[in-house]
Amino acid sequence: MILGVVLAGGQATRMGGGDKGLRHVAGKPLLVHVLDRLTPQVAGVALNANGDPARFASFGVPVRQDSLPDYPGPLAGILAGLDWGAQMGASQIVTVAVDTPFFPHDLVVRLCDAAAGAGMAVAATLQDGVLQRHPTFGLWPVSLRDDLRAAVTGGVRRVSRWVDSHQGGVAQFDSHPFDPFFNINTPQDLIVAEGLAAR
């Protein structure tokens, strides 16, 4: 069983703070766009977010906070998702970022196809001839949760570093007519996203 986890634990400093997932694009919160894409691809979904979970009550998904202090980055969110997955009896989880509303409808299938020996894979697109990985979009075996906990506790912060330590696979997606992993970091990006949504 594969479960989905939406990573929303960041502090959105370039957006002036607050929850990026509650910002609107095309009349809906980003979190709704992401849930609409992820939910049909997995057996269940949770949200990784810190602070008061009550602000997400209307979305109808369980909220899991980072288990590690001081906001150590997306690896902490992946770990929270893996711990939830273990509780739910999942073999793997797939993570997506809350600020990336246009990710592919076949993300999970393609990640599974690309998973290497460790059962791990991340998404990527080709940009100007260079393969650009999007490591918050990944397939993660629940069996590696203690390995990840040790890595983060030991100071690892970059998702790609942990992926490389397990020879994780890469699922390459088409970046035309636009990169499906376009993410919203600034108010200007929200304007761009409105244009993309209109397509």
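Structure first, text after, so check above.
Notes on the structure follow. (Residues numbered from 1 in each chain as written. Predicted model: local features only at pLDDT ≥ 70, side-chain atom pairs only at ≥ 80, totals over all residues. Heavy atoms only, no water.)

**Some thoughts on the overall build of the protein chain**
The line we're drawing: Numbered from the N terminus, helices here are DSSP runs of H or I no shorter than four residues, and strands are runs of E no shorter than two. Using C-alpha atoms as the atom set, the radius of gyration is obtained and then compared with a globule rule of 2.2 Å times the number of residues to the power 0.38. Between two residues, a contact is recorded if the distance between any of their heavy atoms is within 4.5 Å. The Shrake-Rupley method, run with a 1.4 Å probe sphere, supplies the accessible areas, and residue values consider only the shown protein chains as cover. Charge counting treats Lys and Arg as positive and Asp and Glu as negative, with His and both chain ends excluded. Throughout, a charge is located at the NZ atom of Lys, the CZ atom of Arg, the CG atom of Asp or the CD atom of Glu.
Secondary structure assignment for the protein chain yields 6 helices and 9 strands. A globule of 199 residues ought to have a C-alpha radius of gyration of about 16 Å, and the protein chain, at 16 Å, matches this closely. If you line up the protein chain on its principal axes, its C-alpha atoms span 40 × 40 × 30 Å. A fraction of 69% describes how many contacts in the protein chain between residues 6 or more apart in sequence connect residues 24 or more apart. Only carbon and sulfur atoms are counted for the fraction: they give 52% of the accessible area of the protein chain, which is about 8900 Å². Taking the 15 positively charged and 17 negatively charged side chains of the protein chain as two groups, their mean positions are separated by 2 Å.

**A short note on the environment of glycine 154**
The criterion, for reference: Working definition: with a 1.4 Å probe on protein chains only, accessible area under 20% of the residue-type maximum means buried, over 50% means exposed, and in between means partly exposed.
Secondary-structure assignment places glycine 154 in the loop between helix H4 (145-153) and helix H5 (159-165). Among the residues examined, glycine 154 registers a relative accessible area of 67% and is labelled exposed. Between the C-alpha atoms of glycine 154 and alanine 90, which are 64 residues apart in sequence, the distance is 26 Å.

**A few points about the packing of aromatic side chains**
Defined as follows: Note on aromatic pairs: the rings of Phe, Tyr and Trp (six-membered ring only in Trp) are paired at centre separations within 6.5 Å, and the planes decide the class, stacked below 30 degrees, edge-to-face beyond 60, tilted for the rest.
Considering all chains together, one arrives at 6 aromatic pairs under this definition. The interplanar angle of 50° and the centroid separation of 5.6 Å between the aromatic rings of phenylalanine 103 and phenylalanine 137 together place this pair among those described as tilted. Taken as a pair, phenylalanine 103 in the loop between strand S6 (92-97) and helix H3 (107-114) and phenylalanine 137 in strand S8 (residues 130-141) lie far apart in primary sequence, 34 residues in all. The pair phenylalanine 103 / phenylalanine 137 is uniform in exposure class, with both members buried.

**Remarks on the pairing of S6**
Here is the rule: The criterion for strand pairing is that DSSP finds at least two bridges linking the strands in question.
Of all 6 residues in S6, 6 are buried; the element is thus mostly enclosed. Residues Gln92, Val94 and Val96 point to one face of S6 and Ile93, Thr95 and Ala97 to the other, with burial holding for every one of them. Where strand S1 (residues 2-7) meets S6, 6 bridges bridge the pair, whose relative direction is parallel. Note that in S6 the partner of glycine 4 across the bridge is valine 94. Where S6 meets S8, 4 bridges bridge the pair, whose relative direction is antiparallel. Following the sheet pairing, isoleucine 93 is matched in S8 by tryptophan 140.

**Some points on helix H2 (residues 74-88)**
Here is the rule: Between the first and last residue of a helix there are one fewer steps than residues, each counted as 1.5 Å, and that sum is the expected span.
Helix length check: H2, at 15 residues, gives a terminal C-alpha distance of 21 Å against a target of 21 Å (1.5 Å per residue), a fit within 8%. Taking burial as the measure, the 15 residues of H2 include 11 buried ones, the bulk of the element. Listed in full, the buried residues belonging to H2 are Leu75, Ala76, Gly77, Ile78, Leu79, Ala80, Gly81, Leu82, Asp83, Trp84 and Gly85.

**Observations concerning unusual backbone geometry**
Note: most peptide bonds trans; most residues except glycine with negative phi. A cis amide bond links histidine 176 to the next residue, proline 177, at an omega of 5°. Summarising the element assignment, proline 177 is placed in the loop between strand S9 (169-173) and helix H6 (187-198). Here alanine 26, not a glycine, exhibits a phi torsion of approximately 50°, which is positive. Looking at the secondary structure, you find alanine 26 in the loop between strand S2 (24-25) and strand S3 (28-29).

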